[in-house]
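Secondary and tertiary structure notes
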Amino acid sequence: MNNKIKVALAMIVGGALVYLGRKIKNRKNDSEVFVGEDGNTYKKDEMYFTSDGKVYKNGKELHFKTPETDNVTDSKSNFKNESIPKNYDAQPKNVEYHHKGVRHH
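Residues numbered from 1 in each chain as written. Predicted model: local features only at pLDDT ≥ 70, side-chain atom pairs only at ≥ 80, totals over all residues. Heavy atoms only, no water.

What follows concerns the overall build of the protein. Each helix and strand in the protein was counted, giving one helix and five strands. Walking the protein from its N terminus toward its C terminus, one meets helices and strands in the order α-β-β-β-β-β. The buried share among the 105 residues of the protein stands at 6%. For the protein, long-range pairs separated by at least 24 residues make up 5% of all intrachain contacts whose partners lie at least 6 apart in sequence. Within the structure as shown, the protein displays about 11,000 Å² of accessible surface, and the carbon and sulfur contribution to it stands at 54%. (Helix = DSSP H or I, 4+ residues; strand = E, 2+ residues; numbered from the N terminus. Buried < 20%, exposed > 50% of the residue type's maximum accessible area, 1.4 Å probe, protein only. Contact = heavy atoms within 4.5 Å. Areas by Shrake-Rupley, 256 points an atom, 1.4 Å probe, with all protein chains shown as cover.)

A few words now on the sheet that holds strand E4 (residues 55–57). Two modes of strand pairing occur in sheets, parallel and antiparallel, and in both the strands are linked by backbone hydrogen bonds. Judged by pairing direction, the sheet is antiparallel, and its three strands sit side by side in the order E3-E4-E5 without closing on themselves. Every interior strand has two partners, whereas the edge strands, strand E3 (47–49) and strand E5 (60–62), have only one. Put simply, the sheet's adjacent strands are angled 40° from each other on average, direction ignored. As defined by bridge partners, E4 adjoins E5 across three bridges and the pair is classed as antiparallel. Paired with Tyr 56 across the bridge in E5 is Glu 61. (Pairing = 2+ DSSP bridges. Axes fitted to C-alpha atoms, helices over the stretch in contact; angles between N-to-C directions.)

What follows covers unusual backbone geometry. Positive phi values are uncommon outside glycine, yet Asp 45 reaches one of about 65°. Tracing the sequence through the fold places Asp 45 in the loop between strand E2 (41–43) and E3.

Scanning all chains against the criterion turns up two aromatic pairs. Pairing Tyr 42 with Tyr 48 gives two aromatic rings, centres 3.7 Å apart and planes at 5°, and the pair type is stacked. Given a relative accessible area of 12%, Tyr 42 falls into the buried group. Owing to a relative accessible area of 6%, Tyr 48 belongs among the buried residues under this scheme. Three or more aromatic residues joined by ring pairs make a cluster, and in this case those are Tyr 42, Tyr 48 and Tyr 56. (Phe/Tyr/Trp six-rings, centres within 6.5 Å; stacked < 30°, edge-to-face > 60°.)

In structure tokens:
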């Protein structure tokens, strides 16, 4: 065969192989992308939350088991006093601020 024909066939076969390789790679990546209820796309094994507080992973809703507690106490029962301690209202005393550019004097 002529060398020009061999080069042309090699270019055609090489181009076809590159095209098919990219097509297969893109098809593989599309299966690893999931669309959530909010319309956003998420990758494989990525967890996301919806506005109503549900958790999804790979397009399926996840359910978490939470342990039940018998001794449920009121959160306010831990406080002895409803008033705020006085040290939160304290104002800083004798605070000296330095001017821009004047330091370590």
